[in-house]
Amino acid sequence: MLANSFNVDAKNVEKKGSEIFSTYSYESSKVVSNENGITIVPYTKTIQFKTETKIPKLGVMIVGWGGNNGTTVTNGILANRLSLKWETKRGEVKANYHGSLTQCSTTYLGQDDKGTTYVAPFKSLVPMVEPNDIVIGGWDISKMNIYEATKRAKVLEPTMYMQLKEELEKMVPLPGVFDLSFVAPNQETRADNVIEGNKEKELETVRQNIKDFKTQNNLDKVIILWNGNTERFCEVDPKIHGSADSLLAGIKNNEKEISPSTIYCIAAILEHCPYINGSPQNTFVPGVIELAEREGVI
């Protein structure tokens, strides 16, 4: 049976004001090897979670907004917000969030004394932002608007995105951080929308972009999502990347081995925004981790 709402009666869950605190005991084991052989050592780690009950007005700024993924998620949110329908070779389709873990999945709650099984929508477990309410923006090294970028991506049905043409044409990415030494050479031809200046100027510009986006859209929170091309690994130098202060000094000195993704990540941290690294690159050098801890940004 589906339970859209429920209460939790447990000593390890407590609500304080606008926050929910829950304590979880994680049980696992580790292997210890020595000259006497292998020993399995069980251990328990206590983890505390804090959840805000007030749902914020959320904005997401996408790095590489005009790429395949950025244009697809933007179209998807708009299509769902407007309840669009469109024709395909398989028939009429209506916008939905099928495939979304938070929007479509359920989780097992248990059984009552009569043997009835209860499940709950994943999105009912904790207060969650409604996807249709998310404000989308971001950067791209191409100045192509999101409608033209959607056409270029060739991911979505024209019968869908053509209905969003007027709205998508208004969406133009901000100039992005670009360093050809970190990406494939073929990216140079589309780089007509880049921030001019050294790395310090790039950092200042990205930080200001985040501030403006938050203010102009009256947002409570902003998430920065890297969705650009995968960078090569930067050559980590402890004298540059080893601490927060040396990394910030390296940006000021325009050190060449500080990557664009690290610039965006540091900007996010300094503006107290979560940063999601959507590519397998070594953005999170030791100095970034230290800076995030120092600024209290998770």
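**Q** Just to check I follow, could you spell out the overall build of the chain for this structure?
**A** When helices and strands are tallied, the chain shows ten helices and twelve strands. Considering only C-alpha atoms, the chain reaches an extent of 65 × 65 × 45 Å along its principal axes. By the burial criterion, 37% of the 298 residues in the chain qualify as buried. Of all intrachain contacts in the chain linking residues separated by at least 6 positions in sequence, the fraction that spans at least 24 positions is 66%.

**Q** Help me understand unusual backbone geometry in this model?
**A** Glycine aside, a negative phi is what most residues show, and trans is what most peptide bonds show. Of note in the backbone geometry, Lys 154 takes a positive phi value of approximately 55° without being a glycine. Structurally, Lys 154 is set in the loop between helix H3 (146-153) and helix H4 (158-161). One non-glycine residue with positive phi stands out, namely His 272, at about 55°.

**Q** How should helix H1 (residues 68-81) be read in this particular structure?
**A** Because an α-helix packs 3.6 residues into every turn, residues spaced three or four apart end up facing the same way. With 14 residues, H1 extends 20 Å from end C-alpha to end C-alpha; this agrees with the ideal 20 Å at 1.5 Å per step. Listed as buried for H1 are Gly 70, Thr 71, Thr 74, Asn 75, Ile 77, Leu 78, Ala 79 and Asn 80. For H1, the elements touching its buried residues are strand S4 (58-63), strand S5 (85-88), strand S9 (135-140), H3, H4 and helix H5 (165-169).

**Q** Sorry, what's going on with the packing of helix H8 (residues 244-252) against helix H9 (residues 260-270) here?
**A** Relative placement of two packed helices is described by the angle separating their axes and the distance separating the axes. H9 packs onto H8 with a crossing angle of 120° between their chain directions and a minimal axis gap of 12 Å. Comparing their axes, H9 and H8 come out oblique. The chirality of how H8 crosses H9 is left-handed. Here H8 contributes Leu 247, Leu 248 and Ile 251 to the contact with H9, which in turn contributes Thr 262, Ile 263, Ile 266 and Leu 270.

**Q** It is not clear to me how the layout of surface pockets should be interpreted in this structure. Could you clarify?
**A** The gaps of empty space that remain are located by a probe, the size of a water molecule, rolled over the atoms. For the second largest pocket, the calculated volume is near 620 Å³. Taken together, 19 residues form the lining of the second largest pocket, with Val 8, Val 13, Ser 22, Leu 125 and Val 126 sitting closest to its centre. Elements that contribute at least two residues to the lining of the second largest pocket include exactly strand S1 (13-16), strand S2 (19-34), strand S3 (37-52) and strand S7 (106-111). Looking at which element gives the most residues to the lining of the second largest pocket, the answer is S2, with four residues.

**Q** Help me out: how do you make sense of the packing of aromatic side chains in this one?
**A** Ring pairs (aromatic) are described by centroid distance and by the angle formed between their planes. Summed over the entire model, instances satisfying the criterion amount to four aromatic pairs. Their ring planes at 70° and their centres at 5.9 Å tell us that Tyr 147 and Tyr 161 sit as a pair that is edge-to-face. Separated by 14 residues along the polypeptide, Tyr 147 in helix H3 and Tyr 161 in helix H4 bring together distant segments of the chain. Classification of Tyr 147 as buried rests on a relative accessible area of 5%. Residue classification places Tyr 161 among the buried positions, given a relative accessible area of 8%. Ring centres of Tyr 275 and Phe 284 lie 6.1 Å apart, and the angle between their planes is 90°; on these two criteria the pair is classed as edge-to-face. Classification of Phe 284 as partly exposed rests on a relative accessible area of 41%. The rings of Trp 139, Trp 226 and Tyr 264 are connected pair by pair, giving a single aromatic cluster.

**Q** What exactly am I supposed to notice about the sheet that holds S1 here?
**A** Whether parallel or antiparallel, the strands of a sheet pair through hydrogen bonds between backbone atoms. With antiparallel pairing, the three strands of this open sheet are ordered in space as S1-S2-S3. Two strands bound the open sheet, and with one partner strand each, they are S1 and S3. Each strand of the sheet is rotated relative to its neighbour by a mean of 30°, with strand direction disregarded. Across four bridges, S1 lies against S2 in antiparallel orientation. Opposite Glu 14, over in S2, you have Phe 21 as the bridge partner.

**Q** Just to check I follow, could you spell out the side chain of Glu 231 for this structure?
**A** Along the chain, Glu 231 falls in the loop between strand S11 (221-226) and helix H7 (238-241). For the buried Glu 231, no salt bridge exists, and the shortest N-O distance to an oppositely charged side chain is 8.3 Å, to Arg 232. Setting aside its immediate chain neighbours within four residues, Glu 231 contacts Phe 182, Trp 226, Ser 259, Pro 260, Ser 261 and Gln 281.

Definitions and cut-offs
Residues numbered from 1 in each chain as written. Predicted model: local features only at pLDDT ≥ 70, side-chain atom pairs only at ≥ 80, totals over all residues. Heavy atoms only, no water. Helix = DSSP H or I, 4+ residues; strand = E, 2+ residues; numbered from the N terminus. Buried < 20%, exposed > 50% of the residue type's maximum accessible area, 1.4 Å probe, protein only. Contact = heavy atoms within 4.5 Å. Expected span 1.5 Å × (residues − 1). Axes fitted to C-alpha atoms, helices over the stretch in contact; angles between N-to-C directions. Parallel < 35°, antiparallel > 145°, perpendicular 65-115°, else oblique. Left-handed = near helix turned anticlockwise from the far one by under 90°. 1 Å grid on protein atoms, 1.4 Å probe; cavity = no way out; pocket = protein on both sides within 12 Å on 5 of 7 lines; lining within 4 Å. Points joined across faces, edges and corners; volume = space filled by probe spheres on them. Phe/Tyr/Trp six-rings, centres within 6.5 Å; stacked < 30°, edge-to-face > 60°. Pairing = 2+ DSSP bridges. Lys, Arg positive; Asp, Glu negative; His and termini not counted. Salt bridge = Lys/Arg side-chain N within 4 Å of Asp/Glu carboxyl O.

Any link to function would need more than the numbers given here.
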